[in-house]
Structure formats: structure tokens, C-alpha cells
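For reference, the chains in residue letters:
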Amino acid sequence: MSESGGPPSRNTRAPGRGGEDGTDKQPREPGGGILMGRFLGVPIYVAPSWFLVAALITWVFGGQLDHVLPDLGGVRYLVSLFFAVAFYASVLVHELAHTVAAIRFDLPVRRIQLQFFGGVSEIEKDSDTPGREFMLSFVGPLLSLVLSGVFYGGMQLVDRGTVPGVLLAGLTVSNLIVAIFNFLPGLPLDGGRMLRAVVWKLSGDPMKGTVAAAWAGRVLALAVLIGMPMLSYLRGGGESGADSLTDALLAAILAAIMWTGAGNGLRMARLRERLPDLRARTLTRRAVPVSSDTPLSEALRRANEAGARALVVVDGKGDPTALVRESAIISVPEHRRPWVAVSGLSHDLRPGMRVSADLTGEELLDTLRATPSTEYLVVEPTGEIYGVLSTADVERAFVAAMSRAA
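Residues numbered from 1 in each chain as written. Predicted model: local features only at pLDDT ≥ 70, side-chain atom pairs only at ≥ 80, totals over all residues. Heavy atoms only, no water.

Draft legend 1. Highlighting the sheet that holds strand β6 (residues 287-290). Here we have 4 strands laid out as an open sheet, ordered β6-β7-β8-β9, and mixed in their pairing. Because the sheet does not close on itself, it has two edges, and the strands there are β6 and β9 (346-348). When the angles between neighbouring strand axes are averaged without regard to direction, this sheet yields 35°. By the bridge criterion, 4 bridges tie β6 to strand β7 (residues 310-314) in an arrangement that is parallel. Bridge pairing links Val288 to Leu311 in β7. Its contacts with the sheet put helix α9 (residues 296-306) on β6 and β7, and the angle it makes with β6 is roughly 140°. (Pairing = 2+ DSSP bridges. Helix = DSSP H or I, 4+ residues; strand = E, 2+ residues; numbered from the N terminus. Axes fitted to C-alpha atoms, helices over the stretch in contact; angles between N-to-C directions. Contact = heavy atoms within 4.5 Å.)

As C-alpha cells, then:
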């Protein structure tokens, strides 16, 4: 994740769980913000923090307009608001460039979000080659440079002492800053992804690239924390003031975001190293087949005798038709279990609820996310029943892998 139109965020998430009532519900997008539309099927959100930054930009740019175009009066804040929206539209173009490249490389994009200090394209997977990683990260700041050039060209067509001239000048400079900032070689910036790709190419190890880019990002964070306030102090002739205090506060926020983003990138890389340990075969619970009219008590007795922890409902031919929900079993008091048939506690097998016992890592997580449920039927490549995979077991294994990565 990056600020000011930064690089894509590669998110590895645990699978979504179905509802406890047995209905399989699509997981919500936490913290997405306001949905503004879609681009190539990818949702575009505006986070609540954007409005705070837009207000700050409006106030700061409005104060500058008062010196450049004093005759505007109060209208300058309306012009400043237009500049804030136009600037974030430029950031959106930056993120759309990442999205188009990701789709071109067959990488799924979860969403685009405009937020505090810029935007982010949340790409679900890492690139499979360093060359694609480099190009995926390079296109964002490249588009910002192109936009800066376009706005500079527009400046030559208007009077610089007018509202259009001032707006075009501001957009020229702001997009140039976005491009330069994102070319800096450290995570979570685009330049950090590019550095990762270069080290990956030279060493043949993507993890070494991530480590180098993450530590470079932390060095940049410290440089921002110390350098920005120092430059502000020197620019003010060595005198402290409100502007210097504001610059120091912004530097601290930006440095914290960069430091956290670099650390997150490192943790996610370590997590991906451990994801192959998530194996459907080892996480699957042994299951026993039962007919739909079998009393729950009898089904549990058979499972205990077989050392199984799950129940699969089969038809007269022995083909699986449904899975008995663990949450439903727990909700039935023991004295009622002889009178409750397993058919009332099961949910039918739907397309996507049959998973291969050979699935591992991200492929396993992607398969489960595609069809959210609480249980899945695990089958051998030959089609034979292997057992039942509980989402709860996968989530516990995922959390354990994250803890080891941290």
C-alpha cells in the first residue's frame, strides 16, 4: 500500500465464512468507504479519510490563492475544492494504470480505494515474474509523469495569472511530486516494488527482494521524519512557527505510514513463505457417510467409533449430497439428538463446495473464497470422498501462519 497514488497492495486473506444459520453469505468489504463506481469490474471506493484530506487541501490551497489571486475573495475556497477533487482524480488515474496492468497479467484486483495521502489498488496476488512486478509498479508513476506533462502543456495555452492557469500549475507540480515520491526505492512505494523486482531478478529469490525493499522503505521513513521538518526549519530562516509545526506533524504521519507499510510488506512476504503449509489434506477432518434420515445420536455414535469428526449425507447410491453443519450439531441438546434427523442439520452441496485434497496455500484460500461456506467436501483426484474441511480449521491455521510470520 502506498500514499499519493502508490503501488498495489497484495492482500492474502482468510476465506469468508458462511452464516451460522447455514446460509452462505458473501463477505462484506470491511472499511471500503463509499462506492463511487466500477472500472473493468473493479469497485472504486472513497474512504472517509479522503474528506479530511480534501478539506485540508482546500484550506491550504485557498490560503495560497489569496496571495496569487487576491481578487477571488471567498470564491477561492470553491476553486481550491475543485483542485482537491482534480488532484485525487489524477491519483485515481495512477491507480487505474496499476489495475489495467494487473488485469493484463491475469492478477485479480479486489478494489481501488482513495484514502488519506493517496490511493491504493488492492491486488490479490503477487506477480509471478520480476519483470511483471517491475512493469506493474512502473506504470503508476509513469502515468503521473504523463499527467504532469499534459497539465504543463495546458499551462502554455492559458494566462498563468488566471484561475485556469493557477489550477494547471498546481496539478502540474502535484502530479510531478506524486511521480517522484513514488519512484523512491522503498516499500510501500512503487519504487520499492521496482527495487524488489530488481533484487528478485538478480538473486532469483523474491524474499530477498522484499527484505531489501522493506528495509529501504524504513530508511526512507526515517529520512522523511527527520528531513521534512529540517527543510522547513531551514526554509524559515531558522525560526520556528506554525508552518514548521504543521510540516513536522505531516512528516510524522507520512513516516509512520511508510514504516508500517514497509513492515506489512515484509510480514506478508514471510506469510506467503508459510502458506504452502496450509494443505487441504492435512486440515481435513475424517468423515463418515450417513443417510438423510439417520438420527443425530446414531450418526455421532458411528463417527466416534470411526474416529471421525464430520458427517456427510449420502443418497442411496452412496453419492454425497449434503454436509452436516458443525454449528447445527452443537445447537441440538443431547437429550433431543435421538429424535433429530441429520437432514435437518445439513446444507446441500453446491458447485464450488467440492475441493481437491491436493490444494495448498493461496490456491486453497482462493478456492474457498470463491464459494464462501462453513464446510467443504474434500475429494481425492479420483473423486473419492476424503473428508470435510471446516473453514474454522483453515482460519486457525491461517492465523497461526500469520503469527509465525510476524
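Draft legend 2. Highlighting helix α1 (residues 48-68). Given a rise of 1.5 Å per residue, 21 residues ought to cover 30 Å, and the 31 Å separating the end C-alpha atoms of α1 matches this to within 8%. When we look at burial in α1, the residues that qualify are Trp50, Val53, Ala54, Ile57, Thr58, Phe61, Gly62 and Leu65. Its buried side turned inward, α1 meets β3 (42-46), α2 (75-104), β4 (109-115) and α4 (163-183). (Expected span 1.5 Å × (residues − 1). Buried < 20%, exposed > 50% of the residue type's maximum accessible area, 1.4 Å probe, protein only.)

Draft legend 3. Representation of the environment of Gly74 within the structure. One can find Gly74 in the loop between α1 and α2. C-alpha separation for the pair Gly74 and Gly62, spaced 12 residues apart in sequence, amounts to 8.8 Å.

Draft legend 4. Layout of the packing of aromatic side chains. Evaluation of the coordinates by the stated rule reveals 6 aromatic pairs. On the numbers, 4.2 Å between centres and 15° between planes, the contact of Phe61 with Phe83 is stacked. Of this pair, Phe61 sits in helix α1 while Phe83 sits in helix α2, and the two are 22 residues apart along the sequence. Ring plane angle 85° and centroid distance 5.4 Å describe the contact between Phe87 and Tyr88, whose orientation is recorded as edge-to-face. Feature note: the residues Trp50, Phe51, Phe87 and Tyr88 constitute an aromatic cluster, connected by ring pairs. Taking NZ or CZ as reference, Arg111 lies 5.9 Å from the ring centre of Tyr45, over its face. Directly above the aromatic system of Trp215 lies the positively charged group of Arg218, at a separation of 4.6 Å from the ring centroid. (Phe/Tyr/Trp six-rings, centres within 6.5 Å; stacked < 30°, edge-to-face > 60°. Lys NZ or Arg CZ within 6 Å of the ring centre and 35° of its normal.)

Draft legend 5. Layout of the sheet that holds strand β10 (residues 354-356). Within the open sheet, the 3 strands sit side by side as β10-β11-β12. Their pairing is mixed. The open sheet terminates on both sides in strands that have one partner only, identified here as β10 and β12 (385-390). Going from strand to strand, the sheet's axes swing by 35° on average, the running direction of each strand aside. Judged from the 5 bridges that link them, strand β11 (residues 375-379) and β12 form a sheet pairing that is antiparallel. Bridge pairing in β12 places Tyr376 opposite Leu389.

Draft legend 6. The pattern of salt bridges, seen in detail. If you walk through the whole model with that rule in mind, you get 16 salt bridges. Among the ionic pairs, Arg302 bridges to Glu298, the shortest N-O distance being 3.0 Å. Placement of the pair is Arg302 and Glu298 together in helix α9, with a separation of 4 residues, close to one helical turn. Its relative accessible area of 34% is what places Arg302 among the partly exposed residues. (Salt bridge = Lys/Arg side-chain N within 4 Å of Asp/Glu carboxyl O.)

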